[in-house]
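# Commentary on secondary and tertiary structure
Spelled out, the chains give:
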Amino acid sequence: MSSLRAGPRQQSGSVKVGHLKAVVEPDAMPEIDLHSHSRYSDGSLAPADLVALAARAGVKALALTDHDAVAGLTEARAAAAVHGLCLINGVEISAAWNGHNIHVVGLQVDPENPILRDGLARQAGARALRARHMADKLEALGMTGVYDGVLALAQSPDAISRTHFSQWLFANGHVSSIQQAFDRYLGPRKPASVPMPWASLEDTVSWIRAAGGVAVLAHPGRYPLTRTKMRGLIAAFRQAGGEAIEVATATEKPDMVQYLGRLSVELGLLASQGSDYHGTPAPWIALGNFPRLPAGCTPVWTAWGWPVDGLPACMATDVATGSVPVVAEALS
Ligand code: AMP
Ligand code: MN
Ligand code: MN
Ligand code: MN
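Below you will find a few notes about this structure. (Residues numbered from 1 in each chain as written. Chains lettered and ligands numbered in written order. Predicted model: local features only at pLDDT ≥ 70, side-chain atom pairs only at ≥ 80, totals over all residues. Heavy atoms only, no water.)

## Quick look at the pattern of salt bridges
Put simply, the test is: Think of a salt bridge as a Lys or Arg side-chain nitrogen and an Asp or Glu carboxyl oxygen that are within 4 Å of each other. Burial classes follow relative accessibility: with a 1.4 Å probe on protein chains only, a residue under 20% of its type's maximum area counts as buried, one over 50% as exposed, and anything between as partly exposed. For the purposes of this entry, the term helix denotes a DSSP run of H or I that reaches at least four residues, the term strand denotes a run of E that reaches at least two, and both are numbered from the N terminus.
Taken as a whole, this structure holds 5 salt bridges when the rule is applied. Its salt-bridge partner being arginine 117, residue glutamate 112 comes within 3.6 Å of it at the nearest N-O pair. Exposure remark for glutamate 112: the relative accessible area of 56% places this residue in the exposed category. Measuring nitrogen to oxygen at the nearest pair gives 3.0 Å for the salt bridge that ties arginine 231 to glutamate 266. Of this pair, arginine 231 sits in helix H8 (residues 227-239) while glutamate 266 sits in helix H9 (residues 254-267), placing them 35 residues apart in sequence.

## Re the site of ligand 1
Put simply, the rule is: Note on terminology: near, applied to a residue and a molecule or strand, indicates that one of the residue's heavy atoms is within 4 Å of it. Any pair of nitrogen or oxygen atoms within 3.5 Å is treated as a polar contact; in protein, a donor-acceptor pairing is required on top of that, and neighbouring residues in sequence qualify only through side-chain atoms on both sides. Reported accessibility uses the Shrake-Rupley method at a 1.4 Å probe radius. Residues are deemed covered only where the shown protein chains occlude them.
As a matter of local geometry, ligand 1 sits amid Asp42, His67, His103, Arg127, Arg130, Ser161, Arg162, Thr163, Ile178, Gln179, Phe182 and His278. Within the side chain of glutamine 179, a nitrogen or oxygen atom sits 3.3 Å from a nitrogen atom of ligand 1. The protein chains hide 77% of the 500 Å² of surface that ligand 1 would expose on its own. Of all the secondary-structure elements, those providing two or more residues to the shell around ligand 1 are helix H3 (114-140), helix H5 (162-171) and helix H6 (178-186). Sort the elements by how many residues they give to the shell around ligand 1 and H6 lands first, with 3 residues.

## So, the coordination of the manganese ion (ligand 3)
Formally: For Na, K and Ca the donor cut-off is 3.2 Å; for every other metal, N, O and S atoms count as donors within 2.8 Å. Water does not enter the count, which can leave sites looking incomplete.
Around the manganese ion (ligand 3), the protein contributes the donor atoms Glu92 (OE), His103 (ND1) and His219 (NE2), at 2.1 to 2.2 Å from the metal centre. Here the donor residues for the manganese ion (ligand 3) map to a single chain with the spacing E-x10-H-x115-H. Separating the manganese ion (ligand 3) from the manganese ion (ligand 2) is a gap of 5.5 Å. Residue glutamate 92 is found in strand E5 (residues 86-97), and its partner histidine 219 is found in the loop between strand E8 (214-217) and H8; the two are separated by 127 residues along the sequence. On the basis of relative accessible area, glutamate 92 is assigned to the buried category, the value being 0%. Since its relative accessible area comes to 3%, histidine 219 is described here as buried.

## Remarks on the side chain of serine 36
Selection rule: Note on contacts: a residue pair is in contact if any heavy atoms of the two residues lie within 4.5 Å.
Position of serine 36 relative to the elements: it lies in the loop between strand E3 (32-33) and helix H1 (47-56). Those residues within four positions of serine 36 in sequence are excluded, and the remaining contacts are Leu50, Leu62, Ala63, Leu64, Thr65, Asp66, Tyr277 and Leu287.

## Brief notes about the coordination of the manganese ion (ligand 2)
For the manganese ion (ligand 2), the full set of protein donor atoms is Asp42 (OD), His67 (NE2) and His278 (NE2), at a range of 2.1 to 2.2 Å. Look at where the donors of the manganese ion (ligand 2) fall in the sequence and you get D-x24-H-x210-H.

## Focus: the packing of aromatic side chains
For clarity, the cut-off: Between the rings of Phe, Tyr and Trp (Trp by its six-membered ring), a pair exists once the centres lie within 6.5 Å; its type follows the angle of the planes, with under 30 degrees stacked, over 60 edge-to-face, and the other angles tilted. As a reminder, the over-ring test applies to NZ of lysine and CZ of arginine, requiring each to be within 6 Å of the ring centre and within 35 degrees of the ring normal.
Inspection of every chain in the model, using the stated rule, returns 1 aromatic pair. Seen from their ring centres, tryptophan 304 and tryptophan 306 are 5.9 Å apart, and the 75° between their planes marks the pair as edge-to-face. Take tryptophan 304 and tryptophan 306: they sit in the same class, and that class is buried. Sitting over the face of the ring of tyrosine 147, arginine 132 holds its NZ or CZ atom 3.8 Å from the ring centroid.

## Quick notes on the environment of threonine 144
With respect to the helices, strands and loops of the structure, threonine 144 is situated in the loop between H3 and helix H4 (146-151). Taking relative accessible area as the criterion, threonine 144 reaches 62% and is therefore assigned exposed. Beyond its immediate sequence surroundings of up to four residues, threonine 144 is in contact with Glu139 and Trp168.

## A look at helix H2 (residues 73-83)
Note the cut-off: By arc we mean the arc of the directions from the helix axis to the C-beta atoms, nothing more.
Within the span of H2, buried status applies to Leu73, Ala76, Arg77, Ala79 and Ala80. For H2, the arc enclosing every buried residue in end-on projection is 165°, short of the 170-degree limit, so these residues lie on one face. In H2, the exposed positions that point more than 90 degrees away from the buried face belong to Thr74 and Val82. Glycine 84, located one to two residues past H2, shows a positive phi value of around 65°.

## Let's talk about the packing of H3 against H5
We count it as follows: Here an axis means a line fitted to C-alpha atoms, over the contact stretch when the element is a helix, while the angle between two N-to-C directions is reported on a 0 to 180 degree scale. In this scheme, roughly parallel covers angles under 35 degrees and roughly antiparallel covers those over 145, while 65 to 115 is roughly perpendicular and the rest are oblique. For any helix crossing, the convention is left-handed if the near helix is rotated counterclockwise from the far helix by under a right angle, and right-handed if that rotation is clockwise.
Their axes nearest at 11 Å, the elements H3 and H5 cross at an angle of 30°. Relative to H5, the element H3 is oriented roughly parallel. For the crossing formed where H3 meets H5, the hand is right-handed. Between H3, through Arg130, Ala131, Met134, Ala135 and Leu138, and H5, the contact on the second element is made entirely by Arg162, Phe165 and Leu169.

This is the structure:
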């Protein structure tokens, strides 16, 4: 069994977050990956293959967080039982805030909750409509077979993402890279852009909380915001009932990880971590591979009773004996 400790220890500390007071053991915990995508949104793998890959990579607790969808969780849960991995029910919800497209991750949500399901169904409907409009715009530019081509890459019409459009544009020689697809066609105010009626930040947080989950502001460093505006976003998120920010993701620069870690402590928010794995759309990202949480952060998993320094000891033991599925089921 691999050690739960991934590297040399950093300095321990103590921090108070709401009702929680915890002694912080800020070791990296690549065994806990709280952000990933499957084919049910814009990831390339089926949930069962994603879970199998995560297990092979040494991940012991994985949150599947598909964009505006919980449809992959059943398949992922069955695979998690086979591979002795703890699956955390997750979702990444698209939200609108001050004209920006913001992502809010929900962790430990009940995927059957009707409030969450209703909200996600509205978002999915908007996705399906947008895909038609985007395809029409690209056809108006002279491209052919756009809608059918994009749909063939997606799990269903209401799961079509701009990622699928970028893949289609690249595969059909209209752009020379995925990034160019966003720069030329798919980014804000570009020719194939269609403004989306995403739910408000407040609504997305309230759906997650209604479903018993913890709301996490996803990758705050990736939005085109000044640090002042980022603080404004985090304040609005907290005001809405958000409890955590994603401090460590694979794409965040080291300076930003440190800054977000300090902000989480200063503002009394829990800290989350995850790879944001998509598979082939972002092949440079690997499951379980992201920076460690900075010293002083209180990890988000303390919200569901796991120890600050990672997985419950019983789970680590049971991974060794191969009997983790029962424990994982009880924990997640
Ligand atoms: P959507 O939710 O359909 O608007 O698509 C957003 C997704 O597109 C994000 O989750 C990313 O996976 C992907 N994406 C957004 N911007 C870029 C970019 N510049 N390069 C590559 N992928 C991107
Ligand atoms: Mn994505
Ligand atoms: Mn995101
Ligand atoms: Mn994501």
